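Take a look at the letters that make up each chain.
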Amino acid sequence: MSAALKTTLLRNGAFIAFLLIATFWIDAHINRSIFIDNDMFRHALDHRSLLSFLHMRYMTWSGRVVIEAALAETIRYALFWKLLIPFCAVLLAYAIWSCTLRSSLKPAFGIPLVMGLFLLLPHEVTEESVYWLSGFYNYLLPVSFAFFSISVFLRQNEAGNTMRLLSLAALPIGCSIEQSSLLLLFCTVISTALSALGRRTVSLYSALYLTLAAILSAIVLAAPGNGRRYIAEIGNWLPEFPQYDTLQKLSLALDRIHRTSIGPDNHILLAALVLSLCFLAVVKQNRGFQDMAAMGVMLLGLLLMLPTHLLGPLRCDRFLYDLNWVSLNTYVAFFLTLCLFVSILWCALSLKNAATLLSFLTGGFIITILTGLSPTIYASSHRILLVLDLTLLLYTCGLIHTLLTQTQARFLR
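The model shown is predicted, which means the values in this text are computed figures rather than measured ones. (Residues numbered from 1 in each chain as written. Predicted model: local features only at pLDDT ≥ 70, side-chain atom pairs only at ≥ 80, totals over all residues. Heavy atoms only, no water.)

Asker: Would you explain the packing of aromatic side chains in this entry?
Answerer: Geometry of an aromatic ring pair is reported as the spacing of the ring centres plus the angle between the planes. This structure, assessed with the given rule, holds 13 aromatic pairs. Each ring, one from Tyr331 and one from Phe334, has its centre 6.4 Å from the other, and the planes form 75°; the classification is edge-to-face. Within this pair, Tyr331 and its partner Phe334 are both found in helix H19 (residues 328-348), separated by 3 residues, close to a single helical turn. Both rings, one in Phe341 and one in Phe365, keep their centres 5.0 Å apart while their planes meet at 40°; by these two values the pair is tilted. (Phe/Tyr/Trp six-rings, centres within 6.5 Å; stacked < 30°, edge-to-face > 60°. Helix = DSSP H or I, 4+ residues; strand = E, 2+ residues; numbered from the N terminus.)

Following this line, the structure appears as structure tokens:
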């Protein structure tokens with residue numbers, strides 16, 4: 001063994017050990033008891049070619065060509081996804097660290113911190129989007145590649161050619177499902193628009209990136225199978241769905257967001273609110289009325305997360321159904337949820353890398369709200385909340401970065 005390799009192993013030994021432990025831990029939590037979709041994809045190619053299968057799915061069910069190709073080809077090989085799931089978790093942690101903590105924490109500390117915060121996500125969300133095989137392929141896999149690709153795009157001026165090429169190579173996977181592709185387009189277009197306002201020219205890399213991302217996203221969103229699936233799912237899950245107007249459909253998504261925002265196991269939101277209050281109350285200077293209002297809403301949000309019945313009318317902890325549409329406390333609860341996210345956005349305005357945090361938070365919220373346009377808004381259960389929860393994780397890391405840097409600056413005065 002060369003001296004250079006020995007030095008590298010000694011210097012990064014703790015980080016390498018962490019990655020190995022994380023890999024074994026994640027693999028131990030993969031849920032093999034959920035068979036929905038898994039068996040269908042395991043046998044998808046028994047009597048037909050891959051191209052024939054993908055054409056059939058694209059025309060009749062889904063535009064997720066890249067993801068379903070990966071599912072059909074690799075789900076039979078346990079070693080493949082046993083390595084891929086931890087890899088995607090680390091890739092996601094790297095991307096979030098790169099967007100928020102890069103200048104305050106070295107990767108050997110920052111990436112484990114992000115992965116630790118990842119454990120604060122609601123169990124129902126990770127159970128369905130990480131540890132269920134089909135859920136992993138359709139959620140964590142594309143979302144982690146999308147976050148990585150965005151993280152490189154946002155710091156393209158400092159990134160080398162290798163990282164730029166990797167960010168482009170990640171696009172076919174990152175843009176392979178609706179939520180991750182829309183988030184990627186939203187964040188990168190906002191970044192490009194802000195650069196244009198700053199009178200900076202759009203680079204060749206940016207133009208190529210956005211063009212490729214738009215084409216790949218259009219392939220997914222314009223699939224003929226999406227329309228057929230939409231009609232089929234109405235009959236399967238929500239027959240009254242066509243009778244709802246747009247506001248009612250979006251209310252269903254807000255209902256899903258509200259339920260997770262008052263859940264006692266939503267520890268990532270809890271951490272975000274506690275750190276936000278610490279920042280607004282202790283660190284931020286020249287606090288105004290908006291800051292005090294945001295703090296009041298966040299304190300109320302914390303109280304609503306407590307497992308108590310004292311605030312039952314405000315919690316409104318049951319899903320919408322026929323009688324709930326005319327219940328006043330339903331709309332009061334929804335209004336408080338909206339106020340909570342507006343308060344988070346207001347706090348993000350004062351943090352370092354505010355533009356990045358705001359684009360992720362706004363994009364995640366809008367994209368989750370848009371899931372209300374699908375009749376599977378409830379059938380898709382908790383996994384549709386992964387993107388929103390990850391933007392809260394990124395926001396939490398942004399808070400940590402700001403608290404670290406400002407505390408350090410005070411000590412150095």
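Asker: Mind showing me how you'd approach a nonpolar patch on the surface here?
Answerer: A grouping of Ile16, Leu20 and Phe24 is seen on the molecular surface, where their side chains present a nonpolar patch of about 310 Å² in accessible area. Along the chain, the position of Phe24 falls in helix H2 (residues 13-28). What makes Phe24 exposed here is its relative accessible area of 62%. (Patch = residues over 30% accessible without salt bridge, like charges linked within 9 Å, V, L, I, M, F, W, Y side chains within 5 Å. Areas by Shrake-Rupley, 256 points an atom, 1.4 Å probe, with all protein chains shown as cover. Salt bridge = Lys/Arg side-chain N within 4 Å of Asp/Glu carboxyl O. Buried < 20%, exposed > 50% of the residue type's maximum accessible area, 1.4 Å probe, protein only.)

Asker: What am I meant to see in the side chain of Ser343 here?
Answerer: The residue Ser343 is located in helix H19 in this model. If we skip the residues at most four places from it in the chain, Ser343 touches Ala294, Val297 and Met298. (Contact = heavy atoms within 4.5 Å.)

Asker: What is the right way to read the confidence of the model for the protein chain from this model?
Answerer: It should be kept in mind that the predicted coordinates are not to be read in detail where pLDDT is low. Per-residue pLDDT for the protein chain has a mean of 90; in total, 92% of the residues score no lower than 70. For the protein chain, per-element mean pLDDT is lowest for helix H1 (residues 3-11), which scores 63, and highest for helix H11 (residues 171-174), which scores 97. (pLDDT = per-residue confidence, 0-100.)

Asker: When you look at the nonpolar core in this model, what are you seeing that I'm missing?
Answerer: In this structure, Phe147, Tyr209, Met298, Leu390, Leu393 and Tyr395 are the most contacted members of the largest nonpolar core, which totals 114 residues. Per-element accounting of this core gives the leading share, 14 residues, to helix H9 (residues 133-154). With near-sequence residues (within four places) excluded, Met298 lies in contact with Leu273, Ser276, Leu277, Leu280, Leu340, Ser343, Ile344, Cys347 and Tyr395. (Core = buried A, V, L, I, M, F, W, Y, C linked by side-chain atoms within 4.5 Å.)

Asker: I keep staring at the pattern of salt bridges and nothing clicks. Help me out?
Answerer: If charged atoms from side chains of opposite charge come close, those side chains can pair. Within the structure shown, the criterion is met by 7 salt bridges. For the salt bridge of Glu73 with Arg76, the shortest nitrogen-to-oxygen distance reads 4.0 Å. The partner of Arg229 in a salt bridge is Glu233, and the shortest N-O contact between them spans 3.6 Å. Remark: Glu233 and Arg229 occur in helix H14 (residues 224-237); sequence separation between them is 4 residues, near one turn of the helix. On the accessibility criterion, Glu233 (8% relative accessible area) is buried.

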